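# Coordinates in review
The lines below spell out each chain.
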Protein chains: 2
Amino acid sequence: MRSEKIKHLATALTMVLSVLPVGVTDEGMWLFNNPPIKLLKEKYGFEPTDDWLLHLQQSSVRFNSGGSGSFVSEDGLVMSNHHVGSDALQKMSDEKHNYLREGFYARSLEEEKPCYDLELNVLISIEDVTERVNSAVPQSASPEEAFAARRRIIAQIEKESYEKTGLRSDVITLYQGGAYHLYRFKRYTDVRLVFAPEQQIAFFGGDPDNFEYPRYCLDICFFRVYENGKPAKITHWLKWNQIGVSDNELVFVSGHPGNTDRLLTVPELEYLRDNAFPYTLERLNRLEVLLNSWGQRTPENARRAMEDLFGVQNSRKARRGGLDGLLDPQFFVKKQQQDQQLQNEVAKRTELKDCADAWEKIAQAQKIIEKHSLEYRLLEGANGFNSELFRIARTLLRSTTESQKPDGERLREYRDSAKPSLELRLFSAMPIYEDYDELKLADSLRFLVAKLGWSNPLTQKILDGKSPVERASELVRNTKVKDINFRKTLYKQGITEVDAAKDPMIEFARLIDEPSREVRKIIETQDEIKQQAHAKIARARFLIESANTYPDATFTLRLAFGQVKGYTENGKQIPFQTTYRGLYERAAQMEYKPPFNLPERWIKSKSKLNLDAPLDFVSTADIIGGNSGSPVVNRNCELVGIIFDGNIQSLVLDFYYTETQARALAVSSRGILEALKKVYKADKLVKELVGKKG
Amino acid sequence: MRSEKIKHLATALTMVLSVLPVGVTDEGMWLFNNPPIKLLKEKYGFEPTDDWLLHLQQSSVRFNSGGSGSFVSEDGLVMSNHHVGSDALQKMSDEKHNYLREGFYARSLEEEKPCYDLELNVLISIEDVTERVNSAVPQSASPEEAFAARRRIIAQIEKESYEKTGLRSDVITLYQGGAYHLYRFKRYTDVRLVFAPEQQIAFFGGDPDNFEYPRYCLDICFFRVYENGKPAKITHWLKWNQIGVSDNELVFVSGHPGNTDRLLTVPELEYLRDNAFPYTLERLNRLEVLLNSWGQRTPENARRAMEDLFGVQNSRKARRGGLDGLLDPQFFVKKQQQDQQLQNEVAKRTELKDCADAWEKIAQAQKIIEKHSLEYRLLEGANGFNSELFRIARTLLRSTTESQKPDGERLREYRDSAKPSLELRLFSAMPIYEDYDELKLADSLRFLVAKLGWSNPLTQKILDGKSPVERASELVRNTKVKDINFRKTLYKQGITEVDAAKDPMIEFARLIDEPSREVRKIIETQDEIKQQAHAKIARARFLIESANTYPDATFTLRLAFGQVKGYTENGKQIPFQTTYRGLYERAAQMEYKPPFNLPERWIKSKSKLNLDAPLDFVSTADIIGGNSGSPVVNRNCELVGIIFDGNIQSLVLDFYYTETQARALAVSSRGILEALKKVYKADKLVKELVGKKG
């Protein structure tokens, strides 16, 4: 599943610079305000017009829970992956209704089911504010001052824009400081579920087949955005192509790749290989075992943990694949050479004299980051406090502290322009289960003890003379932040009342707030140093390589392109698409055992389906986690598919693009229609998709 | 499942001293040559005779694969747990027959199926050799010299005994150096499978219900030992009690508890809490995820990984429970007090003057062990080379080196008296699957890289310029040690031929042999220091507390006792036994989904079963991993049950005995008969169990 990366963005330690020389391959996650026009023309003889681009841009939707999607009707219908929507499905389920398991179909607008705290964004405009940001940071500033100045000006630009336009306004750091663009988004927060298949068919083959190909997943989900209680009227939406793709066809992917690390310097990549990835994998393995083992005790446990478990398994598989890329010694030899080459070139040019120390600066900063990364992850990243209730308590505590500061001096997530999104999540009515929250908190406390060490004074302060299990239990059972009204009161009244409340979880959050902020400051300062150094490298690279490039992924809208194309694996030709026939064969091969069991409906409908209809297909488009749910369109900008995964060979795309075997996986537009008509008899939905003119 | 500990004994870093003052509880894993006669008489008015004890002792069987069992007929019939026998079942299964899944029943002697490399031991006699061992170690010896001298005299005693009696002869270190006993075992190596139920009913509820109670497992398995091609004639075997147990009844458990850590000093326990347990859990979590994820890709993968996976899950659950015991601050407060009290007493007595420094010596040694433990586990413990083929290659390599040394100077596992067991395993014809071995080796190499660090010269030597995946692949694919005849030739011809062979896996084993031996030497030296110090503490404790005591567990035969008794949990009374009715109810509650699905046969036989017949029961007997399969007998020494697990509250028994909630789980003798008769129609087997006079 291709959404996993997003979940880690908030805690990502390393940000990325990427200014890539691109050649004859289908590489690239291009900015919509700097699309690969020349490249497309030369390689494919295709030249997208401004209208074509604007139409695709504004038909594209970002799911802030961590994925992509697109408008597919003028009445606000949005399609995404089931595994992007599953977060919402999980939250709206309860002991009686398990929409993940059962699926959902609203036969009328009235039946469409509101989602908790789901925010969709549509990119309306992009403005280059690099000049304004950079001129606000004095040349002579220390890293701490530079960081503060940059935070201030960015908050100011965002606030101005938000107040002027009413649009969500985010300044995006591109090329790791090489450029700053102001992105304005239209926000949709009244989002309702229209259709979801059973998870069993959406995620057919589960973890074992995840990131594998051939695949047989109907990984789709439909929502509708509402405004003022009515379906939103949409100008730009994608026309549905009923035929699907053909072999070697040129296709485009418009979505939100989360994070790539393609042009990190060697010390940064070594840090990922030796520290960040092994750490994350250790944590994910641990969580997977915990959730799996607890989930299997009762069906209700399984339901509660399901969505988290799938997310963890997905990340674990992605990380292991990424780590294998990093553990390839050849990769590092090549990287080292590239780094050295560029440094040699820089040394030759007097106009780049001030760039010469950039690599050393990064290496030094990386060392300091490495030294503090563990504490940063455990405290600020809350890896030691894996609890929804803790997250809420911390947000309440920090809101009151931060709101007393000027906007530009706050922790970034508490700036005024981010408030609507923050409040949406803080006051979400999604169910929180005490037993489940306690399970996760206790185990993350065990993890913290193992990592920080028992005798560490901070550990002792955190445990307060109790075992992890006892401590988690008392915190979860006694906190009042479970109550939304309690949250709202505290949020409004602020810190004094929080004090008075003496809520144990808020007190707990307070206990670690100082060390947590301290280590965050260290990391942010070093990130600033790296950012400045990367900006220099970017400048050098622009000058020396003068190629048209794209920045590393930042969970903002990008355009990728490629060809529908199979590949060879172990001497075997892997076809460009799979069919419904293949689905039933795979289920039979695996003896219909979970996760290869088919939903009842699918067993019954087999005879009605055209078994030769395409289900999934692959292309060479350059995607990464976050692209899940991205529309795949053809030259006519018609929707021909929806991205839902990459194959196992694509897991190195984090670090470099390759099209030998790496492929993006998509569900076919034709296959979707086949299922909606024959299996789900979702006539109303089908009519909305294809019954009207585009 | 109660067998897990054994698997870790070979690599256990910390050995244990335990001289426990025992009170009014049912605590104790007693030596058969020092049984709790007085205690039993006082508490239960029961006095076992010498005959009673000898009968039970020689009816008890040790499974060297890691568990216990007992003779249950005069014709060599042995009963153990399914999960003890499952290692043998896994090895005799192949792509066509999955005996774990299908179960097995031999309707005649001819149909009984030989096991690969399964060795059963029966304890024939015990001889105290403490005096002889100690007098061979000069007072003035350095730790290294003392270790060498001790190894020499022990090997000599064993060799003499083996040559004199033909019996397997092991000198067992008890009270961590307080005593040395020579144990003589009759070995059975022609072991054949007679009956096994489906794993689905033996391990009903799988990992989620493992270590939980109430439970519904028919965790049994029958083997037969042969001598000279015929069923062995057995003098001591247990009479089958057809009624089972009643509430509060006194019962005895005779089995092989693997390892306990009850009287470690505080620094040693801290080491377990802060280092050993977190490390092991990290490794187990990692393995569990790996095996689970690979196993689910195809049914054949699942079959290949199944037995390892269950073992890993079992250890993981046991360790987590144990760690929670260690993470209880109260436990350490108490330990600290006990340690201090004893030290204060020692300080008061001049005759114990030389014991005063024992605690400090242990603390110092523990620090050095801690420093080298990671390398020790990765190299000597082969945690970095998790591969059957590596294990074989190393054994071949070391056999040739060690056999050139005098018996008493060899690594312990290569001493003459251990040869028969070593060869049994080395030349086992059990199938080794390349893909599976490669999977495990690659992942353990990844683990080694993460732990030792990429830039470590040893890591680089091990990887030889390749990624872990590539390295594992070339080693596994190209080694010839898969071939038993190749092994036999090399084993016979020795090192020169090994050199000539240039087998990649043997060369690989050679690559790490020197650093591996070096770190082993460091650990063994420190263990010797600890052993001497613990012997002093033992002496002090004997003098001061002068209580009748039992040593910590050592995977040798022990006698435990207790009452059949339920307990209270969360205010709820948990009954002393479960019934077949409960089995069907639990399956229904869990919607018959794996691992709560019932075998076909069990669904069909429901109406025939007496649903009120007891299935499993609990008692307060003091058991630990390794006790799996231990017979439970009543005062008449009749078999009333078979131990198969402890409940979750019993997982702290590693560190201290408690009978508030901790319970030993057993399958009822009556329940077993019910199933054999009604579900399996195993009339011949039933007749052998109950049809003859005991």
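Residues numbered from 1 in each chain as written. Chains lettered and ligands numbered in written order. Predicted model: local features only at pLDDT ≥ 70, side-chain atom pairs only at ≥ 80, totals over all residues. Heavy atoms only, no water.

All names here are of chain B. Inspection of the entire model under this criterion finds 56 aromatic pairs over all chains. Between Tyr-183 and Phe-185 the ring centres are 6.2 Å apart and the planes differ by 40 degrees, which places this aromatic pair in the tilted class. Each member of the pair, Tyr-183 together with Phe-185, is buried. When the ring of Phe-195 is compared with that of Tyr-680, the centres are 5.1 Å apart and the planes differ by 80 degrees; the resulting orientation is edge-to-face. Residue Phe-195 is found in strand S10 (residues 190-196), and its partner Tyr-680 is found in the loop between helix H24 (669-678) and helix H25 (683-690); the two are separated by 485 residues along the sequence. (Phe/Tyr/Trp six-rings, centres within 6.5 Å; stacked < 30°, edge-to-face > 60°. Buried < 20%, exposed > 50% of the residue type's maximum accessible area, 1.4 Å probe, protein only. Helix = DSSP H or I, 4+ residues; strand = E, 2+ residues; numbered from the N terminus.)

What follows covers the interface of chain B and chain A. Each partner contributes residues to the interface: chain B has 44 residues there, and chain A has 44 residues. Carbon and sulfur atoms supply 54% of the area that chain B and chain A bury against each other, a total of about 3,800 Å² over both sides. By the criterion of area lost to chain A, the three top residues of chain B are Arg-297, Leu-327 and Trp-454 of chain B, representing 18% of everything that side buries. Linking chain B with chain A are eight salt bridges. The residue Arg-101 of chain B makes a salt bridge to Glu-591 of chain A at a minimum N-O spacing of 3.5 Å. Connecting chain B to chain A are 11 residue pairs in polar contact (both at pLDDT 80 or more). (Contact = heavy atoms within 4.5 Å. Buried area = accessible area lost by both parts, 1.4 Å probe. Salt bridge = Lys/Arg side-chain N within 4 Å of Asp/Glu carboxyl O. Polar contact = N/O pair within 3.5 Å; in protein donor to acceptor, adjacent residues only side chain to side chain.)

All right, on to the environment of Glu-282 of chain B then. Tracing the chain through its elements places Glu-282 of chain B in helix H10 (residues 266-295). Counting along the chain gives 34 residues from Glu-282 of chain B to Arg-316 of chain B, while the straight-line C-alpha distance between them is 9.1 Å. Not counting the four nearest positions on each side in its chain, Glu-282 of chain B is found in contact with Glu-282 of chain A together with Phe-447 and Lys-451 of chain B. A distance of 2.8 Å separates the side chain of Glu-282 of chain B from the side chain of Lys-451 of chain B, its partner in a polar contact.

The subject of this paragraph is the packing of helix H18 (residues 468-478) of chain A against helix H21 (residues 504-545) of chain A. If you want to describe how two helices pack, look at the angle between their axes and the distance between the axes. Residues and elements named next belong to chain A. Contact geometry of H18 with H21 gives a least axis separation of 7 Å together with a crossing angle of 125 degrees. It follows from the interaxial angle that H18 and H21 lie oblique. Facing Arg-471, Leu-475, Val-476 and Asn-478 of H18, the residues of H21 in contact are Pro-504, Met-505, Phe-508 and Leu-511. Here the contact of H18 with H21 is composed, by residue class, of six nonpolar, one polar and one charged. (Axes fitted to C-alpha atoms, helices over the stretch in contact; angles between N-to-C directions. Parallel < 35°, antiparallel > 145°, perpendicular 65-115°, else oblique. Nonpolar A, V, L, I, M, F, W, Y, C, P; charged D, E, K, R; others polar.)

All right, on to the side chain of Asp-443 of chain B then. Position of Asp-443 of chain B relative to the elements: it lies in helix H16 (residues 434-452). What makes Asp-443 of chain B buried here is its relative accessible area of 5%. Among the polar contacts listed, one links the side chain of Asp-443 of chain B to the side chain of Arg-446 of chain B, at a separation of 2.7 Å. The residues touching Asp-443 of chain B, leaving out its near neighbours within four places in the chain, are Arg-320 of chain A together with Arg-286 and Leu-290 of chain B.

Quick look at the confidence of the model for chain A now. Confidence in the prediction of chain A, expressed as mean pLDDT, is 93, and 95% of residues score 70 or more. Within the model, pLDDT remains below 50 along residues 5-22 of chain A, and this stretch shows 77 contacts once partners closer than five positions in the same chain are excluded. (pLDDT = per-residue confidence, 0-100.)

Cis geometry is adopted by the peptide bond preceding Pro-595 of chain A, which originates at Pro-594 of chain A and carries an omega value of 0 degrees. Tracing the backbone through its elements, the reader meets Pro-595 of chain A in the loop between helix H22 (580-589) and helix H23 (600-604). With an omega of 0 degrees, the peptide bond running from Tyr-213 of chain B to Pro-214 of chain B counts as cis. By the element assignment, Pro-214 of chain B lies in the loop between helix H9 (206-209) and strand S11 (221-227). You will see that Ala-382 of chain A, though not glycine, has its phi angle at about 60 degrees, which is positive. Here Ala-382 of chain A lies in the loop between helix H13 (358-380) and helix H14 (388-402).

When chain B is fitted to chain A, the best match, at an RMSD of 0.0 Å, comes from turning it 180 degrees and sliding it 0.0 Å along the axis. Taken together, these values place the two copies in the relation of a two-fold axis. No C-alpha of chain B approaches the rotation axis more nearly than that of Asn-285 of chain B, which lies at 2.8 Å. A share of 100% of interface residues in chain B that are also interface residues in chain A marks the association as one of identical surfaces. (Least-squares fit on C-alpha atoms with pLDDT ≥ 70 in both.)

It is worth spelling out the domain arrangement of chain A at this point. Residue and element names in this part refer to chain A. When the domains of chain A are assigned, the result is domain 1 (2-119 + 189-262 + 551-690), domain 2 (122-187) and domain 3 (384-503). Each partner contributes residues to the interface: domain 1 has nine residues there, and domain 3 has eight residues. Summed over both partners, the interface of domain 1 with domain 3 buries about 660 Å², with 62% contributed by carbon and sulfur atoms. A per-residue breakdown of the area domain 1 buries against domain 3 is headed by Lys-91, Tyr-116 and Asp-117, which together make up 60% of the total. Applying the counting criterion to the domain 1 and domain 3 interface returns two residue pairs in polar contact (both at pLDDT 80 or more). Of the residues that constitute the side of domain 1 that touches domain 3, the class distribution is two nonpolar, two polar and five charged. (Domains from an automatic or database assignment.)

All names here are of chain B. Neither face of strand S4 (residues 77-80) is exposed, since Leu-77 and Met-79 on one face and Val-78 and Ser-80 on the opposite face are all buried. Across three bridges, the pairing between strand S3 (residues 67-71) and S4 is antiparallel. Counted as the bridge partner of Gly-69 is Ser-80 from S4. Between S3 and the antiparallel strand that follows it, S4, lie five residues; Gly-76 among them carries a positive phi value of about 80 degrees. Pairing between S4 and S11: four bridges, direction antiparallel. Across the sheet, Ser-80 pairs through a bridge with Cys-221, a residue of S11. (Pairing = 2+ DSSP bridges.)

Before going further, it helps to examine the environment of Phe-147 of chain A. Residue and element names in this part refer to chain A. Here Phe-147 lies in helix H7 (residues 143-165). When its relative accessible area of 22% is taken as the criterion, Phe-147 is described as partly exposed. The sequence separation of Phe-147 and Thr-525 amounts to 378 residues, and the corresponding C-alpha distance is 6.6 Å. Setting aside residues up to four positions removed in sequence, Phe-147 forms contacts with Glu-524 and Glu-528.

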